[in-house]
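Report on the structure
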Amino acid sequence: DGGITQSPKYLFRKEGQNVTLSCEQNLNHDAMYWYRQDPGQGLRLIYYSQIVNDFQKGDIAEGYSVSREKKESFPLTVTSAQKNPTAFYLCASSDAPGAGANVLTFGAGSRLTVL
Amino acid sequence: QKEVEQNSGPLSVPEGAIASLNCTYSDRGSQSFFWYRQYSGKSPELIMSIYSNGDKEDGRFTAQLNKASQYVSLLIRDSQPSDSATYLCAVLPNAGGTSYGKLTFGQGTILTVHP
């Protein structure tokens, strides 16, 4: 079955540590996204990539980094510069420009907690 | 003013009633509108998309769009306890051809359907 796999599902981080969240899709989608969700709030865009080897900052990119070396993979690193990283992180993908471009498919999410 | 704002919840309706969820947006040039359902601890799933003024029906769900009033709503008829979830309104702002997939989400409305 096609879909998006995020790992790990739960992650704990100590102060000052960098952590990387994995996101893999087998939908052959061109675009991939990382969103952050805090309790009682909607989703906020961290980074997005519309093509391999290219990515753009979203609304809240500070303290995060990404790479897009392969079409199917879009890992997110939460660096120690992110002062409040505890949140639910969602990876999504969408098709190339056209009818399906704005329809996002989400992974199951990764919940990060800072100890 | 928030870019996408949803009616404050939580919203509680009895089983079999109509649940009405509302959303306003600030970008007058927005063209694409989506409703996602998110169960507690899970990722969002798309339930409706609407692009033109008027109503769009899919089973028990009806999305309504009024671009002049910058307003989009979701009606759930014959509400069931399984409809209890957070409903997220998402809007694609008008930012040119490269904006595809970069949705702006509202904060969500929690719906509870009680037997």
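Anyway, here's the lowdown on the structure attached to this text. (Residues numbered from 1 in each chain as written. Chains lettered and ligands numbered in written order. Predicted model: local features only at pLDDT ≥ 70, side-chain atom pairs only at ≥ 80, totals over all residues. Heavy atoms only, no water.)

**Examining the state of the cysteines**
Under the definition given, this model contains 2 disulfides over all chains. Shown here is the disulfide that connects Cys-23 of chain A with Cys-91 of chain A, its sulfur atoms set 1.9 Å apart. Note on the Cys-23 of chain A and Cys-91 of chain A pair: the S-S dihedral is about -75°, so by sign convention the disulfide is left-handed. Highlighted residues: Cys-23 of chain A in strand S3 (residues 19-25) and Cys-91 of chain A in strand S9 (residues 87-94), separated in sequence by 68 residues. Each member of the pair, Cys-23 of chain A together with Cys-91 of chain A, is buried. Note that Cys-23 of chain B is cross-linked by a disulfide to Cys-89 of chain B, the S-S spacing being 2.1 Å. Here Cys-23 of chain B and Cys-89 of chain B share a disulfide; its torsion about the S-S bond, -75°, makes the bridge left-handed. In this pair, Cys-23 of chain B is assigned in strand S3 (residues 19-25) and Cys-89 of chain B in strand S9 (residues 85-92), connecting sequence segments 66 residues apart. Overall, the relative accessible area of 1% leaves Cys-23 of chain B in the buried class. Look at Cys-89 of chain B and you get buried, because its relative accessible area is 1%. (Disulfide = S-S within 2.5 Å. Helix = DSSP H or I, 4+ residues; strand = E, 2+ residues; numbered from the N terminus. Buried < 20%, exposed > 50% of the residue type's maximum accessible area, 1.4 Å probe, protein only.)

**Side note on the pattern of salt bridges**
Residues and elements named next belong to chain A. With the rule as written, the count across this model stands at 6 salt bridges over all chains. For Asp-30, the salt bridge identified is with Lys-71, shortest N-O distance 3.4 Å. Of this pair, Asp-30 sits in the loop between S3 and strand S4 (31-37) while Lys-71 is found in the loop between strand S7 (64-66) and strand S8 (76-78), placing the two residues 41 residues apart along the sequence. Its relative accessible area of 25% is what places Asp-30 among the partly exposed residues. (Salt bridge = Lys/Arg side-chain N within 4 Å of Asp/Glu carboxyl O.)

**Things to note about a nonpolar patch on the surface**
Together, Tyr-10, Phe-12 and Leu-115 of chain A make up an exposed nonpolar region whose accessible area comes to about 390 Å². Counting through the fold element by element, Phe-12 of chain A comes out in strand S2 (residues 10-13). (Patch = residues over 30% accessible without salt bridge, like charges linked within 9 Å, V, L, I, M, F, W, Y side chains within 5 Å. Areas by Shrake-Rupley, 256 points an atom, 1.4 Å probe, with all protein chains shown as cover.)

**Quick look at unusual backbone geometry**
Only a minority of non-glycine residues have a phi that is not negative, and only a minority of peptide bonds are not trans. The step from Ser-7 of chain A to Pro-8 of chain A runs through a cis peptide bond, and the omega angle for that step is -5°. Mapped onto the fold, Pro-8 of chain A is located in the loop between strand S1 (4-7) and S2. For Asn-53 of chain A, which is not a glycine, the phi torsion comes out positive at approximately 65°. You can see Asn-53 of chain A is positioned in the loop between strand S5 (43-51) and strand S6 (54-57). A positive phi angle is found at Asp-78 of chain B, which is not glycine, with a value near 45°. Residue position: Asp-78 of chain B is located in the loop between strand S8 (71-76) and S9.

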